[in-house]
Amino acid sequence: MPARRKINRATLYFFGALGGILFGYDLGVISGVLLLIKPLWHLDSFAQGVVGGCLAAGAILGAVFATRLTDRLGRRKAIMAAAVVFALGTLGCTFAPDVTVLVISRFVVGVAVGASSASVPTYLAELSPGRARGALSSLNQLMIVSGILIAYIVDYALNDSGNWRGMFAAALIPAVLLLVGMAFMPETPRWLLKAGREEEARAVLTATQPAEDVERELAEIREVISLSGTERGKLRDLGSKLVRPALVVAMILAIGQQFSGVNAINLYAPTMFTNLGFGTSAALLAAVVLGLVKVLFTAGEVLVVDRWGRRPLLLVGSLMMAATLFLLGLAVLTIHDTSLAGITALVLLIVYLAGYELGWGAVVWVMIAEVFPLRVRGIGTGTASVVLWAATFAITFIFPVMNTGIGLAYSAWIFAGIGILLFLLVRKFVPETKGRTLEQIELELRERVRA
């Protein structure tokens, strides 16, 4: 990008976060597709787990690739590459003649999802001013839940016609928008300065930061680069004394986000509601309500994350999730009227998702991109994404089998116990990062390690 090109901040942040729309859409759309293809292709619970989980399996591979791409090619080009793969995988899903081709195509889409999940949070964090980084980085999660909501609405609209191919095809629109939009967006100033392109870095900072902060931030980035050295970060660096505390935090956040059980709801909510007595259309409409709740509370998180802080939101979210999942299990076991059980489950899941989105939704992606030092930020964020997607695969693959084997109530209680464990882990290990630049966070980490 020429240094003198003017950058529109709103456009920059919108296209930077647009990968989240695709991420969310492809997570959510399968919930409606499964209701239609389950009788069509005679899918048992194991096959449903494969169809639901193959995206997460591909995401593991995509996140591995992204650990290198984001550092070698830059954050922007990594996102553009993900958009191309999104489009190719979506075409495969749309025209899949059987479940085997669908699984392969969903795996390809997953590669793109994993790559974007590792690169988009880093891109947004490195472009955002320290005082508003939580809100701006949370745009990614807001886009993800918006993508899930859009998927639920499309599923509901196309359900009566049985058009599951159209449900997949709609993802082509944001994929093309992302590819075209990112072609005109800048690289992050941190990556540019590390690559020796100081004037371009200054131009990006001038467009995204208050004028009085530009030279100070450039100086802080230079200091961190000088402390980090010129050599690229390697996987083994994650075990170093400096990086290890950040890695522990990232692992708690990545594993905890998925073992909270949220993607069991994202992918299988309509199936759960049909099992509780809802008709297909009513189950899909209930999923739309859940999607709307996710968007509203993520938007609320954007407004408070830089005032309340990351750590309090994680703690409150953990308690809300644990309490509502315990009550959900109790309701399923004790309420025998199917209509009342379904409505009670919907209300409790609304409260559960409110807690999740306030805490473990956006905050996890914000903090994973914040905690790693610059030298290993790409590989650290990518590694955390690999672990997160491995956890996602485990949950999305196992949950249909759990639900069939031990039932929804006992499954909910297992996830409630995990919520309590997450509360304890956050209290012990997770620091507060609000209001600090990325360089200040790294310098404070270096001071703690030396102490």
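Nothing here was measured: the structure is a model prediction, and the numbers come from that model.

What about the overall build of the protein chain?
And step 1. In terms of regular secondary structure, the protein chain is built from 20 helices and zero strands.
And step 2. The C-alpha atoms of the protein chain give 21 Å as radius of gyration, which agrees with the globular expectation for 451 residues (22 Å, within 12%).
And step 3. Seen through its principal axes, the protein chain has C-alpha atoms that stretch 65 × 45 × 35 Å.
And step 4. Residues classed as buried in the protein chain amount to 61% of the 451 residues present.
And step 5. Nonlocal contacts in the protein chain, meaning residues at least 24 apart in sequence, comprise 86% of its contacts between residues at least 6 apart.
And step 6. In the form shown here, the protein chain has an accessible surface area of approximately 16500 Å², with 69% of it arising from carbon and sulfur atoms.
And step 7. Of the charged side chains in the protein chain, 38 are positive and 29 negative, and the gap between their average positions amounts to 4 Å.

Some points on the pattern of salt bridges
Note on pairing: side chains with opposite charge can pair once their charged atoms come close.
And step 1. Inspection of every chain in the model, using the stated rule, returns nine salt bridges.
And step 2. Glu442 is the salt-bridge partner of Arg446, the closest N and O atoms lying 3.0 Å from each other. Note that Arg446 and Glu442 are positioned in helix H20 (residues 438-450) at a spacing of four residues, about one turn of the helix.
And step 3. The class of Arg446 is buried, set by a relative accessible area of 14%.
And step 4. Linked by salt bridges that have partners in common, Glu198, Glu199, Arg202, Glu215 and Arg222 make up one network.

Section: helix H11 (residues 198-208)
And step 1. With eight of its eleven residues buried, H11 lies for the most part within the structure.
And step 2. Where H11 is concerned, the buried positions are Glu200, Ala201, Arg202, Ala203, Val204, Leu205, Ala207 and Thr208.

What to know about the nonpolar core
And step 1. Counting residues in each nonpolar core, the largest one holds 136 residues, and the members touching the most others are Phe273, Leu314, Trp360, Phe372 and Trp389.
And step 2. If you tally residues by element for this core, the top one is helix H17 (residues 338-371), at 14 residues.
And step 3. With sequence-adjacent residues up to four places away left out, Trp389 is seen in contact with Phe23, Leu27, Leu55, Ala56, Ala59, Ile60, Val113, Gly114 and Ser117.

Considering the packing of helix H4 (residues 75-94) against helix H9 (residues 172-182)
And step 1. Between H4 and H9, the shortest axis-to-axis distance is 9 Å and the interhelical angle comes to 155°. The angle between H4 and H9 falls in the class roughly antiparallel. In the crossing of H4 with H9, the sense of the turn from one axis to the other is left-handed. In this structure, H4 uses Arg76, Ile79, Met80, Ala83, Val84, Phe86, Ala87, Thr90 and Leu91 to contact H9, whose residues at the interface are Leu172, Ala175, Leu178, Leu179 and Met182.
And step 2. In the contact of H4 with H9, the residues fall into twelve nonpolar, one polar and one charged.

Comments concerning the packing of H17 against helix H18 (residues 377-405)
And step 1. Interhelical geometry of H17 versus H18 gives an angle of 145° and a closest axis separation of 8 Å. Judged by residue contacts, Val364, Trp365, Ile368 and Ala369 of H17 engage Arg377, Thr381, Ala384, Ser385 and Leu388 from H18.
And step 2. Residues belonging to the contact of H17 with H18 are distributed by class as follows: six nonpolar, two polar and one charged.

Some remarks on a nonpolar patch on the surface
And step 1. The grouping of Val84, Leu88, Leu91, Phe95, Val176, Leu179, Val180 and Phe184 at the surface amounts to a nonpolar patch, some 770 Å² of accessible area in total.
And step 2. Looking at the nonpolar patch, the elements with two or more residues in it are H4 and H9.

Concerning the packing of aromatic side chains
And step 1. Going through the model one piece at a time under the given rule, you end up with five aromatic pairs.
And step 2. A ring pair is formed by Trp41 and Trp164, whose centres lie 5.4 Å apart and whose planes are at 75°; its orientation type is edge-to-face. Of this pair, Trp41 sits in the loop between helix H2 (19-40) and helix H3 (45-72) while Trp164 sits in helix H8 (residues 164-169), and the two are 123 residues apart along the sequence. Neither Trp41 nor Trp164 differs from the other in exposure class; each is buried.

Some details on the side chain of Arg75
And step 1. Within the secondary structure, Arg75 sits in helix H4.
And step 2. Arg75 has contacts with Thr70, Ser119, Thr122, Tyr123, Glu126, Glu187, Thr188, Trp191, Arg377 and Gly378, leaving out every residue within four places of it along the chain.

Observations concerning the state of the cysteines
Two cysteines whose sulfur atoms are joined by a covalent bond form what is called a disulfide.
And step 1. Under the counting rule described, the total for this entry stands at zero disulfides.
And step 2. Among the cysteines around Cys54, which has no disulfide bond, Cys93 carries the closest sulfur, lying 7.6 Å off.

Quick word on unusual backbone geometry
And step 1. If you check the backbone angles, His42 has positive phi at about 55° while not being a glycine.
And step 2. Mapped onto the elements of the fold, His42 is located in the loop between H2 and H3.

Some details on the confidence of the model for the protein chain
And step 1. In this model, the protein chain carries an average pLDDT of 83, and 93% of its residues clear a pLDDT of 70 or more.
And step 2. Per-element confidence in the protein chain is highest for H8, whose mean pLDDT is 93, and lowest for helix H6 (residues 133-137), whose mean pLDDT is 63.
And step 3. Confidence over residues 1-5 falls short of pLDDT 50; this stretch has nine contacts with residues more than four positions distant or in other chains.

Some words on the environment of Arg448
And step 1. Along the polypeptide, Arg448 turns up in helix H20.
And step 2. With 206 residues separating them in the primary sequence, Arg448 and Leu242 have C-alpha atoms 9.0 Å apart.

Some words on the environment of Gly166
And step 1. By the element assignment, Gly166 lies in helix H8.
And step 2. Gly166 sits in the buried class, given a relative accessible area of 19%.
And step 3. When the C-alpha atoms of Gly166 and Gly342 are compared, they prove to be 29 Å apart, with 176 residues separating the residues in sequence.

Regarding the environment of Ser385
And step 1. Topologically, Ser385 is positioned in helix H18.
And step 2. Judged by its relative accessible area of 1%, Ser385 falls in the buried class.
And step 3. The sequence separation of Ser385 and Ala66 amounts to 319 residues, and the corresponding C-alpha distance is 9.3 Å.
And step 4. With residues near it in sequence (within four places) discarded, Ser385 still touches Ala63, Ser117, Ala118 and Trp365.

Rules of the game
- Residues numbered from 1 in each chain as written.
- Predicted model: local features only at pLDDT ≥ 70, side-chain atom pairs only at ≥ 80, totals over all residues.
- Heavy atoms only, no water.
- Helix = DSSP H or I, 4+ residues; strand = E, 2+ residues; numbered from the N terminus.
- Rg over C-alpha atoms; globule rule 2.2 N^0.38 Å.
- Buried < 20%, exposed > 50% of the residue type's maximum accessible area, 1.4 Å probe, protein only.
- Contact = heavy atoms within 4.5 Å.
- Areas by Shrake-Rupley, 256 points an atom, 1.4 Å probe, with all protein chains shown as cover.
- Lys, Arg positive; Asp, Glu negative; His and termini not counted.
- Charge placed at Lys NZ, Arg CZ, Asp CG, Glu CD.
- Salt bridge = Lys/Arg side-chain N within 4 Å of Asp/Glu carboxyl O.
- Core = buried A, V, L, I, M, F, W, Y, C linked by side-chain atoms within 4.5 Å.
- Axes fitted to C-alpha atoms, helices over the stretch in contact; angles between N-to-C directions.
- Parallel < 35°, antiparallel > 145°, perpendicular 65-115°, else oblique.
- Left-handed = near helix turned anticlockwise from the far one by under 90°.
- Nonpolar A, V, L, I, M, F, W, Y, C, P; charged D, E, K, R; others polar.
- Patch = residues over 30% accessible without salt bridge, like charges linked within 9 Å, V, L, I, M, F, W, Y side chains within 5 Å.
- Phe/Tyr/Trp six-rings, centres within 6.5 Å; stacked < 30°, edge-to-face > 60°.
- Disulfide = S-S within 2.5 Å.
- pLDDT = per-residue confidence, 0-100.

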